[in-house]
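Observations on the three-dimensional arrangement
The residues making up each chain are set out below.
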Amino acid sequence: VSVDANLANTKIAFTSNRDGNSEIYIMNSDGTGQTRLTNNPAEDSGPAWSPDGTKIAFSSDRDGNWGIYVMNHDGTGQTRLTTNTANDANPSWSPDGTKITFNSYRDGNAEVYVMNADGTGQANLTNNPIPDLGPDWSPDGTKITFSRDPGGSGEIYVINADGTGQTRL
């Protein structure tokens, strides 16, 4: 579930499999106006609103593996941002809307990546043999939090937005 605080007291983006597979929907904060935005036989999940409320980033396996996509808030303009053959998931927008952090398995396990909002400049921030999951931005955009999972213990870390200064919390 992702809530956009900029759209008239809130639109909520969510994933539902009510039609047979996972798709992205939006609704008003009171549950009315439920609208399906994606419609394909693949799985679409993990919607994340851009800070200005005009875009939604999400994950999908519609091209044979999980990738990060972006679309307009009404479902139009669905575009794949990551095109590698590994799985990419869990997008999160930076507070200024210029970057997206996400998980990628292109290095053999889950790593925290960052890219420009148009998909360019993809970079591995964590580069660790232990899976790093669920990246999210600090409110000021200077740090990214994530979970490192060494055998099921799920430790919380924070790093600078450029990947320096990894600290276990």
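Residues numbered from 1 in each chain as written. Predicted model: local features only at pLDDT ≥ 70, side-chain atom pairs only at ≥ 80, totals over all residues. Heavy atoms only, no water.

A look at the packing of aromatic side chains
Let me state the cut-off plainly: Aromatic rings from Phe, Tyr and Trp, with only the six-membered ring used for Trp, were paired whenever their centres fell within 6.5 Å, and each pair was classed as stacked if the ring planes differed by under 30 degrees, edge-to-face if by over 60, and tilted otherwise. What counts as a helix is a DSSP run of H or I of at least four residues, what counts as a strand is a run of E of at least two, and both are numbered from the N terminus. Classification of residues uses two cut-offs on accessible area relative to the type maximum, computed with a 1.4 Å probe and protein chains only: under 20% is buried, over 50% is exposed, and between them is partly exposed. Only when the NZ of Lys or the CZ of Arg is both within 6 Å of the ring centre and within 35 degrees of the ring normal is a charge said to sit over the ring.
Scanning the entire structure with this criterion turns up four aromatic pairs. Consider the rings of F58 and Y69, whose centres lie 5.6 Å apart with planes at 20°: the pair is stacked. You can see F58 sitting in strand β6 (residues 55-60) and its partner Y69 sitting in strand β7 (residues 67-72), a full eleven residues away along the chain. For the pair F58 and Y69, a shared accessibility class is recorded, and that class is buried. Ring plane angle 15° and centroid distance 5.5 Å describe the contact between F146 and Y157, whose orientation is recorded as stacked. With a gap of eleven residues between them, F146 in strand β14 (residues 143-148) and Y157 in strand β15 (residues 155-160) connect regions that are remote in the sequence. In this structure, F146 and Y157 share a single accessibility class: buried. Its end group placed over the ring of Y25, R18 keeps NZ or CZ at 4.6 Å from the ring centre.

Some remarks on the nonpolar core
Soluble globular proteins: nonpolar side chains tend toward being buried together. Applicable threshold: By convention a nonpolar core is built from buried Ala, Val, Leu, Ile, Met, Phe, Trp, Tyr and Cys residues, the set being connected through side-chain atoms within 4.5 Å. In what follows, residue pairs with any heavy atoms lying within 4.5 Å of each other are defined as contacts.
Counting ten residues, the largest nonpolar core is built from A48, A57, I68, V70, L81, W93, I100, F102, Y113 and M115. Looking at this core, the elements with two or more residues in it are β7, β10 (99-104) and β11 (111-116). Discounting residues that sit within four places of it in the chain, I68 has contacts with F58, S59, T79, R80, L81, T82, D88, A89, N90, P91, F102 and M115. Formed by nine residues, the second largest nonpolar core is a distinct cluster that contains A13, I24, W49 and F58.

Here we look at the sheet that holds strand β8 (residues 79-80)
Formally: When DSSP finds two or more bridges between a pair of strands, those strands are recorded as paired.
A sheet is described by the order of its strands in space; here four strands give the open sequence β5-β6-β7-β8, paired in antiparallel fashion. Pairing within the sheet leaves two strands with one partner each, and these edge strands are β5 (44-49) and β8. Sheet analysis places β6 next to β7, joined by six bridges and oriented antiparallel. Within β7, the position partnered with I56 by the bridge is M71.

Comments concerning the sheet that holds strand β13 (residues 132-137)
The four strands lie next to each other as β13-β14-β15-β16, forming an open sheet whose pairing is antiparallel. Both outer strands of the open sheet, β13 and β16 (167-168), are each paired with one neighbouring strand and no more. Pairing between β15 and β16: two bridges, direction antiparallel. The partner of V158 across the bridge, within β16, is T167.

Describing the confidence of the model for the protein chain
As a reminder, the rule being used: Confidence per residue, as judged by the predictor, is encoded in pLDDT with a range of 0 to 100.
On average, residues of the protein chain score 92 in pLDDT, and 95% of them reach the 70 mark or higher. By mean pLDDT, the top-scoring element of the protein chain is β7 (98), and the lowest-scoring one is strand β1 (residues 2-4) (54).

Quick notes on the pattern of salt bridges
Going by this rule: We define a salt bridge as a side-chain nitrogen of Lys or Arg found within 4 Å of a carboxyl oxygen belonging to Asp or Glu.
On inspection of all chains with the given rule, the structure shows seven salt bridges. Notably, a salt bridge pairs E23 with R36, separated by 3.2 Å at the nearest N-O pair. A residue pair is termed long-range when its members are at least 10 positions apart, and E23 in strand β3 (residues 23-28) and R36 in strand β4 (residues 35-36) qualify at 13 residues. The partner of R62 in a salt bridge is D44, and the shortest N-O contact between them spans 3.0 Å. Within this pair, whereas R62 is found in the loop between β6 and β7, its partner D44 is found in strand β5, the two being separated by 18 residues in sequence. Residue class for R62 comes out partly exposed when judged on its relative accessible area of 25%. For D44, a relative accessible area of 0% corresponds to the buried category. Three or more residues joined by partner-sharing salt bridges are found here, namely D19, E23 and R36.

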